[in-house]
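Structural characterization, general
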Amino acid sequence: NNKLEHKLKDDHLMVIAHRGASGYAPEHTMAAYELAKKQGADYIEIDLQMTKDGDLIAMHDDTVDRTTNGHGQVKALTLKKIKQLDAGSWFNKANPDQAKASYKGLKVPTLEEIIRHFGNSVNYYIEMKKPQEYGKMNQSLLDILKKHHLIGSGEKKGHVIIESFDADSLKSIHREFPEVETIQLGDASKMSLSTIKNYAVGVGPDVTTMNRAFIKRAHELGLVVHVWTVNDRETMEELKRWQVDAVFTNYDDQARAMIEAQ
Ligand code: G3P
Ligand code: CA
């Protein structure tokens, strides 16, 4: 199967740095992405939210409260305001054993800043968070990826993967750019694999909702399986035995060590 060919090459279990190397550095900061690259992650994962003025930023939550020293919904704040926030100090407080002075004062990056910084040196695994709520998120994302030659005819396959819980957004991306690889996120128990295979190359199930039979079924249909979020060695080893294609993890160095030890 074509879709599986380059993903299952050499039986390689891919490591996706979940929100960057977020077990060691403040999630969705340049420091977290830099570390993920250094640790050899196959992809850096970027969750997207959209500012009041329409910029795409790397942030998991739809408010800035948890991961910065600010307050409020991302969609109610301009990029200028968000750039004034400290996106690193919360991590030092929450993880004293991993704290670093250099994390203090880190900024929230935009998607474009990340792409400009890393260029072709990493692969990007991009999640559209709440695309329906933001309206123009799909188009903005595609415009940025096109502008930086990450998608479009002749571009390297697999350089960008787009993931979402929102099926409609994935379908519309698939219609416009059928060559872009998309992953449908969700609970394994609620996924219709035969429907998903019409618009996505694979599925991203919550690790707590899946089992070996699900993986087998997905593979039989030609879908890859990228599981989130896997932070313990035992589960990673089990998933490798079950021939999962990729894991999202906060500890990409540990996942890499496990894979190389086998
Ligand atoms: O994108 C896969 C996984 O990251 C989904 O969970 O909440 O960490 O974005 P979340
Ligand atoms: Ca995510």
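Everything below is about the structure printed above this text.
Below you will find a few notes about this structure. (Residues numbered from 1 in each chain as written. Chains lettered and ligands numbered in written order. Predicted model: local features only at pLDDT ≥ 70, side-chain atom pairs only at ≥ 80, totals over all residues. Heavy atoms only, no water.)

Attention shifts here to the site of ligand 1. In the vicinity of ligand 1, the residues found are His-18, Arg-19, Glu-45, Asp-47, His-60, Glu-127, Lys-129, Glu-163, Leu-185, Trp-228 and Phe-248. Note that an oxygen atom of ligand 1 is positioned 2.7 Å from one of the side-chain N or O atoms of His-18. Within the complex, 91% of the 290 Å² of free accessible area of ligand 1 lies under protein. A breakdown of the residues in the shell around ligand 1 according to their chemical character gives 3 nonpolar, 2 polar and 6 charged. (Near = heavy atom within 4 Å. Polar contact = N/O pair within 3.5 Å; in protein donor to acceptor, adjacent residues only side chain to side chain. Areas by Shrake-Rupley, 256 points an atom, 1.4 Å probe, with all protein chains shown as cover. Nonpolar A, V, L, I, M, F, W, Y, C, P; charged D, E, K, R; others polar.)

The geometry of an aromatic ring pair is captured by two quantities: the separation of the ring centres and the angle between the planes. A complete count under the given rule lists 6 aromatic pairs for this structure. Between Tyr-125 and Phe-248 the ring centres are 5.0 Å apart and the planes differ by 75°, which places this aromatic pair in the edge-to-face class. Of this pair, Tyr-125 sits in strand 4 (residues 124–128) while Phe-248 sits in strand 9 (residues 246–249), and the two are 123 residues apart along the sequence. This pair shows no difference in class: Tyr-125 is buried, exactly as Phe-248 is. Here a set of aromatic residues connected by ring pairs shows up, and it is made of Tyr-43, Tyr-125 and Phe-248. Here the guanidinium or amino end of Arg-66 rests over the ring plane of Trp-90, the centre of that ring lying 6.0 Å away. (Phe/Tyr/Trp six-rings, centres within 6.5 Å; stacked < 30°, edge-to-face > 60°. Helix = DSSP H or I, 4+ residues; strand = E, 2+ residues; numbered from the N terminus. Buried < 20%, exposed > 50% of the residue type's maximum accessible area, 1.4 Å probe, protein only. Lys NZ or Arg CZ within 6 Å of the ring centre and 35° of its normal.)

Once that is clear, we can look at helix 8 (residues 167–176). Three or more residues of helix 8 are buried, namely Ser-169, Leu-170 and Ile-173. Seen end-on, helix 8 carries its buried residues on one side only, within an arc spanning 100°. Contact partners of the buried residues in helix 8: strand 4, helix 6 (131–134), helix 7 (137–147), strand 5 (160–164) and strand 6 (181–186). (Arc of directions from axis to C-beta. Contact = heavy atoms within 4.5 Å.)

Before going further, it helps to examine the coordination of the calcium ion (ligand 2). All of the protein donors around the calcium ion (ligand 2) are Glu-45 (OE), Asp-47 (OD) and Glu-127 (OE); their distances to the metal are 2.1 to 2.4 Å. Bound by 6 donor atoms, the calcium ion (ligand 2) shows angles of 56 to 162° at the metal and therefore irregular coordination geometry. Read in sequence order, the donor residues coordinating the calcium ion (ligand 2) give the pattern E-x1-D-x79-E. Pair check on accessibility: Glu-45 and Asp-47 agree, each one buried. (Donors = N, O, S within 2.8 Å, 3.2 Å for Na, K, Ca; no water. Tetrahedral: all angles 85-135°; square planar, octahedral: opposite > 155°, others 65-115°.)

Under the counting rule described, the total for this entry stands at 14 salt bridges. Across the salt bridge formed by Arg-19 and Glu-27, the nearest N and O atoms sit 3.2 Å from each other. Taking the relative accessible area as the measure of exposure, Arg-19 reaches 15% and is therefore buried. Glu-112 is the partner of Arg-116 in a salt bridge, and the nearest nitrogen-oxygen pair spans 3.5 Å. Of the two residues, Arg-116 and Glu-112 both sit in helix 5 (residues 111–118), 4 residues apart, roughly one turn of that helix. Note on Glu-112: relative accessible area 18%, which makes it buried. (Salt bridge = Lys/Arg side-chain N within 4 Å of Asp/Glu carboxyl O.)

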